[in-house]
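What the coordinates show
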Amino acid sequence: MTPARRLGVLLGDQLSFDLSLFDALDPTQDALLLAEVMDEATYVAHHPQKIALIFSAMRHFAQALGERGWRVIYVRLDDADNSGSLPGELLRWAERLGVEQVHLTECGEWRLQEALNQCGRPLVWHEDRRFFCSRQRFAAWASGRRQLRMENFYRDMRKRTGLLMEFDGSPVGGTWNLDQDNRKALPKGLRGPFAASFAADDLTREVLQLVEQRFAGHYGSLEGFDYPVTHAEAQALWQHFLDFGLAAFGDYQDAMAQGEPYLFHARISAALNIGLLDVRQLCADVEQAYREGRAPLNAAEGFIRQLIGWREYVRGIYWLRMPEYAELNAFGNRRALPEFYWTGDTSMRCMAQAIGQSLELGYAHHIQRLMVTGNFALLAGIAPKAICEWYLAIYLDAFDWVELPNTLGMVMHADGGYLGSKPYCASGRYIQRMSDYCGDCAYRVDQAVGEQACPFNALYWHFLRRHRDRLGTNPRLAMVYRNLDRMDEERREALWQRGEDLLARLDAGQAL
Ligand code: DLZ
Ligand code: SF4
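What you are looking at is a predicted structure, and each value in this text was computed from that prediction instead of being measured.

This next bit is on the packing of aromatic side chains. In the structure shown here, the tally under the stated rule is 30 aromatic pairs. Taking 5.0 Å as the distance between ring centres and 85° as the angle between the ring planes, the aromatic pair formed by Trp390 and Tyr391 counts as edge-to-face. With relative accessibility at 0%, the residue Trp390 sits in the buried group. Among the aromatic residues, those joined into a cluster by ring pairs are Phe340, Tyr341, Phe376, Trp390, Tyr391, Tyr395 and Phe456. The ring of Phe399 carries the charged tip of Lys50 above its face, separated from the ring centre by 5.4 Å. For the cation-ring pair, Lys422 lies above Tyr424, with the distance from its terminal atom to the ring centre recorded as 5.5 Å.

Moving on, we get to the sheet that holds strand β3 (residues 71-75). A sheet is described by the order of its strands in space; here five strands give the open sequence β3-β2-β1-β4-β5, paired in parallel fashion. The open sheet has two edge strands with one neighbour each: β3 and β5 (124-126). Taken pair by pair, the neighbouring strands of this sheet meet at an average axis angle of 25°, ignoring direction. Note: strand β1 (residues 6-9) against strand β4 (residues 101-105), four bridges, orientation parallel. Each bridged residue has a counterpart across the sheet, and for Gly8 the counterpart in β4 is His103.

Each assigned domain of the chain is listed with its residue range as follows: domain 1 (6-126), domain 2 (135-193 + 245-320) and domain 3 (340-507). Contact between domain 1 and domain 2 buries roughly 890 Å² in total, counting both sides, with carbon and sulfur atoms accounting for 51%. Our count for the contact surface shared by domain 1 and domain 2 stands at two salt bridges. Its salt-bridge partner being Glu106, residue Arg315 comes within 3.4 Å of it at the nearest N-O pair.

Attention now goes to the site of ligand 2. If you check the shell around ligand 2, you find Met348, Arg349, Cys350, Gly428, Ile431, Tyr437, Cys438, Cys441, Tyr443, Val445 and Cys454 and nothing else. Contributing elements (two or more residues each) for the shell around ligand 2: α15 (349-361) and α19 (428-434). Grouping the constituent residues of the shell around ligand 2 by class yields nine nonpolar, one polar and one charged.

Here we come to the side chain of Asn375. Locating Asn375 in the fold gives a position in helix α16 (residues 366-380). A relative accessible area of 1% places Asn375 in the buried class.

Another point: the nonpolar core. Counting 168 residues, the largest nonpolar core has Phe55, Phe303, Tyr313, Tyr341, Met351, Phe376 and Trp390 as its most contacted members. No other element matches helix α13 (residues 297-321), which puts 13 residues into this core. With residues near it in sequence (within four places) discarded, Phe376 still touches Pro338, Phe340, Tyr341, Met348, Met351, Phe456, Leu459, Leu506 and Leu512. With 23 residues, the next largest nonpolar core counts Leu7, Val9, Ala94 and Cys107 among its residues.

Looking now at helix α18 (residues 400-411). For α18, the buried fraction is high: twelve of the twelve residues fall into the buried class. Turning to α18, its buried residues number three or more, namely Asp400, Trp401, Val402, Glu403, Leu404, Pro405, Asn406, Thr407, Leu408, Gly409, Met410 and Val411. Note on α18: the residue one or two positions beyond its end, His413, has a positive phi of about 55°.

Criteria and cut-off values
Residues numbered from 1 in each chain as written. Chains lettered and ligands numbered in written order. Predicted model: local features only at pLDDT ≥ 70, side-chain atom pairs only at ≥ 80, totals over all residues. Heavy atoms only, no water. Phe/Tyr/Trp six-rings, centres within 6.5 Å; stacked < 30°, edge-to-face > 60°. Buried < 20%, exposed > 50% of the residue type's maximum accessible area, 1.4 Å probe, protein only. Lys NZ or Arg CZ within 6 Å of the ring centre and 35° of its normal. Pairing = 2+ DSSP bridges. Helix = DSSP H or I, 4+ residues; strand = E, 2+ residues; numbered from the N terminus. Axes fitted to C-alpha atoms, helices over the stretch in contact; angles between N-to-C directions. Domains from an automatic or database assignment. Buried area = accessible area lost by both parts, 1.4 Å probe. Salt bridge = Lys/Arg side-chain N within 4 Å of Asp/Glu carboxyl O. Near = heavy atom within 4 Å. Nonpolar A, V, L, I, M, F, W, Y, C, P; charged D, E, K, R; others polar. Core = buried A, V, L, I, M, F, W, Y, C linked by side-chain atoms within 4.5 Å. Contact = heavy atoms within 4.5 Å.

Below, the structure written as C-alpha cells:
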C-alpha cells in the first residue's frame, strides 16, 4: 500500500467539492476516505431509499473526486475488512496508509462527532462552511439573549447576507416576513407541475440491489427510487423548480392535496443536506428570479426564509444545546408511537396520505410533517424520542441537526418553548382549510364527539385541557383557553371523554 501523508475523511452527507478540508490537503501526497458502514445505515432504521441515496451519491462523488486527481479510498459495505463503523474505518486506513494527520469536516450529528473524537487519535476538524452561520457565530448571537426567536435571527441573517435587501438597509418590499401570504389553500383543479425524474444508472442500480438485500427489514419502499445522486442531477432538479415551481411556491407553501406529494415544493432538501447543492447558489438564484420578475416576492422571501432563517436557526440551536436537548420532554409524554405510523393503515385520511407518501417516497412537505403527522403526535402525547426517531428514519433529508429541533422543539414543544413561542396544535379545521383530505375521510371534520367525529378535534381540546398548567398563561393561547372556558360544562366533558377514549384506543394498540 502506497503511504499517504494525510487522510481526509468525507462523511455521507459531506459530498461537496468546496469543503474547507480540501484547501488543507494536497492531492499529490494525501488521500481521501469515504466508507459505507453498517453503523451509520442502522443507528436508526433509515428508509431504504435514504440508504440508497447516500451510498449512490457517495459512489458518484468518489468517482468525480478521482477524476479531479484525488487519491480516493472507497470502502463498500460488503468489503471483507469493513469494520462497520466510521471511527473503525478511519483508524484502519490511517494506520494502513501511515498518515501523520487525519482531517475531517464538522459532523452534522453530535452522536457521530462524539464517537469520532473518542476514536483514540487526534483529529484536525474543519468548519462546515456550507452554512451561512457557523456554530460559533450562532452561539455569539444567542449569548445574552433572554429568548431566542427565529424572526430576530432571520432579520440578522438578511442584513448579514444582503439577501432581498435594499441599499438603505431595509427589506425589499418593506416587510421582512411574508408568512401571511404563504397560506393559500389550493384552488380546486390546480395541480403541481410534473415531477422531475432521474433514471438510475448502473452504479445506482447496483446500490439498489445491495440495499434490497441488506436492509429488507427497514420500513419504506425502495421501488420508484427517483432522487438525484450527482451534482448535475441535483442542479437539474433545482432548475426544474426555478422554472415550474417557484412562482407558485409562495402562495401554496402550506397547501396539501391528495395525490400531490410535492405540489410546488422544490424537493431539494435531501440533495442540499448531503452536499449536492450549495445554499448560497440557491438563495442567489431565487433572488435573481424575483428581481427579473419571474417570481413574486412572497415566493422568493418564503423560500429564502426557509434556508437562511429556519434551517440555520435550528442547526444553531442543535449545536448550542446538545446533548441535553435530545432528552427534553416538557409535557412528560410517554405514549408509544402508534403502529400506523409505520404502515399508513388508519382511517384518518390526512394521516394515511401523509404517512403513505412518506413510506413510498421518503418525503412529505413541511405542513404535512408539522400539522398532520406532527400535530397528531403532539395532541396524542407521543413520547418525543419515539416520534423523533420516526422522522429521522423515514425522511430522506433527515439528519439529527435538522430533524431533532424541528421535531422535538417545533412539533412537540418538548423543549418547553425554547425554540418556538407556542405549540403548533390544531384541530381538524386547520387540515380541512388547507387540504382536500377531509371530504374523503371516514371521519367527520365538523364533529368533535361521537364515533364518526374527527379525532383531531377532541384530541385538540384534550391536549389544551391536560396541559393548562403549562400553556394556560401563554398569551398566544389566551383566546383558545377563553373558548374552552366559554363552553358549557356538558360539552367540555363530552370532549374530554372522547379524547380519553381515543387515547385509550391508542394505548390498546388499536388503529384510529
Ligand atoms: C445517513 C448515512 C448513512 C445511511 N450511511 C452512511 C455511510 O455509510 N457512511 C457515511 O459516511 N455516512 C453515512 N450516512 C451519513 C452519516 O450518518 C452522517 O454523516 C452523520 O449522521 C452526521 O450528519
Ligand atoms: Fe384528517 Fe379529521 Fe380531516 Fe379526517 S376529518 S382528514 S382525520 S382532519
